[in-house]
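# Breakdown of the fold
Chain residues, written in single-letter form:
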Amino acid sequence: HAKSHERGQCVIFSREHEALIRDEHRLETALRHADLDGELSLVFQPIYEARGIGMTGVEALARWQSPILGQVAPDRLIAMAERLGMINQITRILFAKALAELPRLPDGIGMNFNLSVHDIASPETVHDLIGMIGESGIDPRRLTFEITETALMSDCAAARATLGRLRKLGARVALDDFGTGYSNLGMLHQIPLDVLKVDRSLAAEMTTPSGRAMIAAIRSLAQSLSLECVIEGVENDAQLAEVSLLGCRYAQGYLLGRPMPMGTLLRAVREDRRHAQPESAAA
Ligand code: C2E
Ligand code: MG
Ligand code: MG
Ligand code: MG
């Protein structure tokens, strides 16, 4: 709609474009001025053993309650933080919160924490995370760091080094959203990994013959590389049944439990039942 004449150039923006640019700008301003420690928090989504043995871990997921924008989706938060060079700082803040919550969980339950490509590309950040684990006194074997394929693609050597340091401590590394990226399979055995997390877009296809074949192939790949396999985004009983039929050991999804505040999660653990309350439930 708006036309801007600049050095003889004519750029035509649509209304939608204008709105997008304005939203991005508002997001940038809100993030630059945010009280990060006060506005960021974590919710936790359970990870279950698919055969019904129980909760084995939780994934920490960031939430940003901005006084200006309200709730902002973590994908948008992370992408903007990466663009503004704020991600390492945000990761440190979130990880401190994760380490503070972890001791509230029973000993047998571990915690997954998501790292950005910019985190594993930064030796200083990983050094700081390792220092924080040491200070917390938490057994590093209770931690799993989740990274995405794109994170690995961009700088394989740097990622290998930093992930190697985390694994040397005893922490584990999971490849997140597997099956959505370029799936450079050659990379799978070059990168130190412990877990494959199969993206929920594949879980959604799992009850069709071709979807089942895909999961079966991923499962045998995981098995031959000695990787554990988690199916993400399990939303119904049919999908959960497939997970164990196909021999994948772990499942995560709304059927088993939504992301929720630690207090809510602990009540679910105590009551030892699968839990599907909304994440807005009181802590
Ligand atoms: P992710 O790490 O793959 O996390 C799983 C996402 O799927 C979460 O979205 C979760 O709420 C959602 N989910 C889980 N089960 C189901 C289901 O059954 N159905 C559907 N439709 N969705 C399900 P969320 O919390 O919005 O997070 C989105 C992404 O933002 C995460 O994807 C992760 O890539 C990123 N993220 C979240 N927290 C952090 C963080 O602390 N650090 C970094 N670097 N990234 C984070
Ligand atoms: Mg994740
Ligand atoms: Mg994922
Ligand atoms: Mg994801």
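Residues numbered from 1 in each chain as written. Chains lettered and ligands numbered in written order. Predicted model: local features only at pLDDT ≥ 70, side-chain atom pairs only at ≥ 80, totals over all residues. Heavy atoms only, no water.

The name given to the chain in an unreviewed UniProt entry is EAL domain-containing protein, with the source organism recorded as Sphingomonas plantiphila.

### Comments concerning the overall build of the chain
Secondary structure assignment for the chain yields 13 helices and 11 strands. In the form shown here, the chain has an accessible surface area of approximately 14100 Å², with 51% of it arising from carbon and sulfur atoms. (Helix = DSSP H or I, 4+ residues; strand = E, 2+ residues; numbered from the N terminus. Areas by Shrake-Rupley, 256 points an atom, 1.4 Å probe, with all protein chains shown as cover.)

### Quick word on the packing of helix 4 (residues 87–101) against helix 6 (residues 123–136)
One can describe the packing of helix 4 onto helix 6 by two numbers: an axis separation of 11 Å at closest approach and a directional angle of 15°. In terms of orientation, helix 4 lies roughly parallel with respect to helix 6. Between helix 4 and helix 6 lies a crossing of right-handed hand. Packed against helix 4, whose contacting residues are Asn88, Thr91, Arg92, Phe95, Ala96 and Leu99, the element helix 6 presents Glu124, Thr125, Asp128, Leu129, Met132, Ile133 and Ser136 at the interface. When the residues that make up the contact of helix 4 with helix 6 are grouped by side-chain class, the tally is six nonpolar, four polar and three charged. (Axes fitted to C-alpha atoms, helices over the stretch in contact; angles between N-to-C directions. Parallel < 35°, antiparallel > 145°, perpendicular 65-115°, else oblique. Left-handed = near helix turned anticlockwise from the far one by under 90°. Contact = heavy atoms within 4.5 Å. Nonpolar A, V, L, I, M, F, W, Y, C, P; charged D, E, K, R; others polar.)

### Regarding the layout of surface pockets
The volume enclosed by the largest pocket comes to roughly 1100 Å³. Lining the largest pocket we find 40 residues, and of these Glu59, Leu61, Pro74, Asp75 and Asn114 sit closest to its centre. Mapped by element, the contributors of at least two residues to the lining of the largest pocket are strand 3 (40–49), strand 4 (54–66), helix 3 (74–83), helix 4, strand 6 (110–114), helix 5 (117–120), strand 7 (143–148) and strand 8 (172–178). Classifying every residue of the lining of the largest pocket gives 17 nonpolar, nine polar and 14 charged. The computed volume of the second largest pocket comes to approximately 260 Å³. What lines the second largest pocket is a set of 17 residues, among which Thr56, Gly57, Asn112, Thr144 and Arg172 lie closest to the centre. Put simply, the parts of the chain that give the lining of the second largest pocket at least two residues each are strand 4, strand 6, strand 8, strand 9 (195–198) and strand 10 (228–231). Element by element, the count of residues in the lining of the second largest pocket is highest for strand 6, at three residues. Considered class by class, the residues forming the lining of the second largest pocket number six nonpolar, six polar and five charged. (1 Å grid on protein atoms, 1.4 Å probe; cavity = no way out; pocket = protein on both sides within 12 Å on 5 of 7 lines; lining within 4 Å. Points joined across faces, edges and corners; volume = space filled by probe spheres on them.)

### Focus on the pairing of strand 7
Regular strands have side chains that alternate between both faces of the sheet. Summarising burial for strand 7: five of the six residues are buried, a large majority. Sheet topology places strand 6 next to strand 7; four bridges connect them, and they run parallel. Bridged to asparagine 114 within strand 7 is glutamate 146. Here five bridges tie strand 7 to strand 8, and the two strands are oriented parallel to one another. Within strand 8, the residue paired with isoleucine 147 across the bridge is leucine 175. (Buried < 20%, exposed > 50% of the residue type's maximum accessible area, 1.4 Å probe, protein only. Pairing = 2+ DSSP bridges.)

### Here's the deal with the site of ligand 1
Around ligand 1, the structure places 23 residues, and the nearest of them are Arg63, Asp176, Arg200, Glu235 and Tyr254. Within the contact set of ligand 1, an oxygen atom lies 3.0 Å away from a side-chain nitrogen or oxygen of asparagine 114. Note that an oxygen atom of ligand 1 is positioned 2.9 Å from one of the side-chain N or O atoms of aspartate 177. Burial of ligand 1 by the protein chains amounts to 85% of its free accessible area of 800 Å². Those elements giving two or more residues to the shell around ligand 1 turn out to be strand 4, helix 3 and strand 8. Across the shell around ligand 1, the residue classes break down as nine nonpolar, five polar and nine charged. (Near = heavy atom within 4 Å. Polar contact = N/O pair within 3.5 Å; in protein donor to acceptor, adjacent residues only side chain to side chain.)

### Overview of the packing of aromatic side chains
Scanning the entire structure with this criterion turns up two aromatic pairs. Centroid distance phenylalanine 95 to phenylalanine 145: 5.6 Å. Interplanar angle 45°. Geometry classified as tilted. Here the residue phenylalanine 95 occupies a position in helix 4, and phenylalanine 145 occupies one in strand 7, the gap between them amounting to 50 residues. Under the relative-accessibility criterion, phenylalanine 95 is labelled buried at 0%. Its relative accessible area of 0% is what places phenylalanine 145 among the buried residues. Three or more aromatic residues joined by ring pairs form one cluster here, namely Phe95, Phe113 and Phe145. It is arginine 258 that lies over the ring of tyrosine 254; its NZ or CZ is 3.8 Å from the centre. (Phe/Tyr/Trp six-rings, centres within 6.5 Å; stacked < 30°, edge-to-face > 60°. Lys NZ or Arg CZ within 6 Å of the ring centre and 35° of its normal.)

### Points about the confidence of the model for the chain
Per-residue confidence for the chain gives a mean pLDDT of 89; residues scoring 70 or more make up 88%. For this predicted complex, the interface score ipTM comes out at 0.98, while the overall pTM is 0.92. (pLDDT = per-residue confidence, 0-100.)

### Quick look at helix 4
Spanning 15 residues, helix 4 covers 21 Å between terminal C-alpha atoms, matching the ideal 21 Å at 1.5 Å per step. Of the positions making up helix 4, those classed as buried are Ile87, Ile90, Thr91, Ile93, Leu94, Phe95, Ala98 and Leu99. (Expected span 1.5 Å × (residues − 1).)

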